[in-house]
Amino acid sequence: MADAAVELVLRSTRVITPEGTRAASVAVAGGKITAVLAHGAEVPAGARLEDFGDDVLLPGLVDTHVHVNDPGRTEWEGFWTATRAAAAGGITTLLDMPLNSLPPTTTTDNLRVKQEVARAKAHVDVGFWGGALPDNVKDLRPLHDAGVFGFKCFLSPSGVEEFPELDQEQLAASLAEVAGFGGLMIVHAEDPHHLDAAPVVPGPKYADFLASRPRDAENTAIGNLIAQARRLDARVHVLHLSSSDALPLIAAAKAEGVRITVESCPHYLTLTAEEVPDGASEFKCCPPIREAANQDLLWDALADGTIDCIVSDHSPSTADLKTRDFSTAWGGISSLQLGLPAIWTEARRRGRTLEDVVRWMSAAPAELAGLSRKGAIEAGRDADFAVLAPEETFTVDPAHLHHRNQVTAYAGKTLHGVVKSTWLRGTQIADHGTPTGPTGLLLERQN
């Protein structure tokens, strides 16, 4: 380690690299990883050594599905609070969803508004998705040229009136436009006709809510999306997959060469319908948390690559919107700070490794978004890290969460994996759950 430019060396007996887990020393200069060397490599004069012992050094997580709601609904969340929660949870990069903020990110002017709001508040690196609406096809290319990472659309009502859904004809028009410049469409895939036909029973019973969001709504929407992507040779991504019934469709499409990727979320992979108490709308999300047998198949799909990545879909609200009536309560799970320990707790129970978790929660989301400098501990990447004590446990206390409203479906759960520190481009941004000052940058698409 003779490079005189090295400023920092991070050392651990367990460093997760693309080649596997090994004892190593990671050299950092100018915010970049310059080398991954032997554990006992000499530390250059003037470089600072951080030795984490047996705690695991893993690449900072990349969360490509976060609703920050800033500006406009900042009583729900904001860039300051959301990025603090991200830093405390080992996330070093997040991409903000285009809706629930006012204005939504559906024009270049609106994008600039959001960027200016975020610039001084970001504790982690932040990028932005654009939105595809029925009337903004003309805005998609300018947004792409302005650096958004892709475009989100809904195929059923979004829950906010300023972000209407696309019908199949509108989806085709937007998808053709995006495919024309090589962009990515990310899709909330629930079919509105199946939702309209499902029974809606007001009240506190989770079983009634689950019946109102049937698997067929997801299955049909995903089937239609595959057909459109195949016809247009478009690149599409299925958001927050919940229904395991759609997995054979997706696997067949991938095998055929359709350019489709898929995510799921911690709540679908760690929580089950059987455990949701009546009236506990902190568990409400759309599509919904389904049964344990369904969850088992989602884990199988992660293992075989049908599902590509795990991201939070952090979609918070004020506590008063989480009423006991599942039919009217806001649908969204707040989990930004807890995704890594939640997934690791379930992964270890199922015999999966931290290398798997890193692939699902760091490498694959970075690849999805084209973030070539993120997602791995190797020379040339940004020096973004999380330090995890995987054998330690903690019990979730909402008062210790940094997102704006301390509502979470994980309250009281004991989880494995304590994030000891988080590092962004070689600077420590969280220490034992306490974030430091904002040091994040605003990111634009790199290709």
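This text follows the structure it describes.
The model shown is predicted, which means the values in this text are computed figures rather than measured ones. (Residues numbered from 1 in each chain as written. Predicted model: local features only at pLDDT ≥ 70, side-chain atom pairs only at ≥ 80, totals over all residues. Heavy atoms only, no water.)

### Describing the overall build of the protein
The cut-off we apply is this: In DSSP terms, a helix is any run of H or I states spanning at least four residues, a strand is any run of E spanning at least two, and both are numbered starting from the N terminus. The quantity called the radius of gyration is restricted to C-alpha atoms. Its globule counterpart is 2.2 Å times the number of residues to the power 0.38. Burial classes follow relative accessibility: with a 1.4 Å probe on protein chains only, a residue under 20% of its type's maximum area counts as buried, one over 50% as exposed, and anything between as partly exposed.
If you tally the helices and strands in the protein, you get 12 helices and 18 strands. Computed over its C-alpha atoms, the radius of gyration of the protein comes to 21 Å, within 12% of the 22 Å expected for a compact globule of 447 residues. Taking the principal axes of its C-alpha atoms as reference, the protein extends roughly 70 × 45 × 45 Å. Buried residues in the protein amount to 60% of all 447 residues.

### Describing the environment of Val62
The condition that has to hold: The contact rule is simple, with two residues in contact once any of their heavy atoms fall within 4.5 Å.
Tracing the chain through its elements places Val62 in strand β6 (residues 61–66). Each C-alpha atom, one on Val62 and one on Ala369, is 9.5 Å from the other, the two residues being 307 residues apart in sequence. Those residues within four positions of Val62 in sequence are excluded, and the remaining contacts are Thr93, Val311, Met361, Ser362, Pro365, Ala366, Leu371, Lys374 and Gly375.

### Quick look at the sheet that holds strand β8 (residues 125–128)
Backbone-to-backbone hydrogen bonds pair the strands of a sheet. The strands run either parallel or antiparallel. Threshold: Whether two strands pair depends on DSSP finding at least two bridges between them. A fitted line through C-alpha atoms serves as each axis, taken over the contacting stretch for helices, and the angle formed by two N-to-C directions is quoted from 0 to 180°.
An order of β6-β7-β8 is seen for the 3 strands of this open sheet, with the pairing classed as parallel. Where the open sheet ends on each side, the last strands, each with one partner, are β6 and β8. In this sheet, neighbouring strand axes are inclined to one another by 20° on average, regardless of whether the strands run parallel or antiparallel. Here β6 runs beside strand β7 (residues 91–96); their pairing, made up of 4 bridges, is parallel. Bridge pairing links Val66 to Asp96 in β7. Against the sheet, helix α1 (residues 79–88) engages β7 and β8, with an angle of about 140° to β7. Docked against the sheet, helix α12 (residues 354–369) engages β6 and β7, running at close to 55° with respect to β6.

### Quick word on helix α11 (residues 339–349)
Helical geometry: 3.6 residues make up each α-helical turn, so side chains three or four residues apart lie on a common side. Buried residues dominate α11, accounting for 9 of its 11 residues. When we look at burial in α11, the residues that qualify are Gly339, Leu340, Pro341, Ala342, Ile343, Trp344, Thr345, Glu346 and Ala347. Gly351 sits one or two residues past α11 and shows a positive phi near 80°.

### Brief notes about the pairing of strand β12 (residues 235–238)
Inclusion rule: With its strands directed away from the observer, a crossover is right-handed exactly when the path from the first strand over the helix to the second travels clockwise.
Summarising the sheet, strand β11 (residues 184–188) and β12 pair through 4 bridges and their orientation is parallel. Directly across from Ile186, in β12, lies its bridge partner His237. Bridge analysis of β12 against strand β13 (residues 260–264) gives 3 bridges, and the strand direction is parallel. The residue bridging His237 from the neighbouring strand is Thr261, located in β13. For the segment spanning β12, helix α8 (residues 247–256) and β13, crossover handedness is right-handed.

### Observations regarding the sheet that holds strand β14 (residues 309–310)
Strand order in the open sheet formed by 6 strands is β9-β10-β11-β12-β13-β14, and the pairing between neighbours is parallel. Every other strand in the sheet has two partners, leaving β9 (130–131) and β14 as the edge strands with one partner each. Of the strand pairs in this sheet, β9 and strand β10 (residues 151–154) are connected by 2 bridges, and their pairing is parallel. Within β10, the residue paired with Gly131 across the bridge is Lys152.

By themselves, these are just geometric observations and shouldn't be taken as functional.
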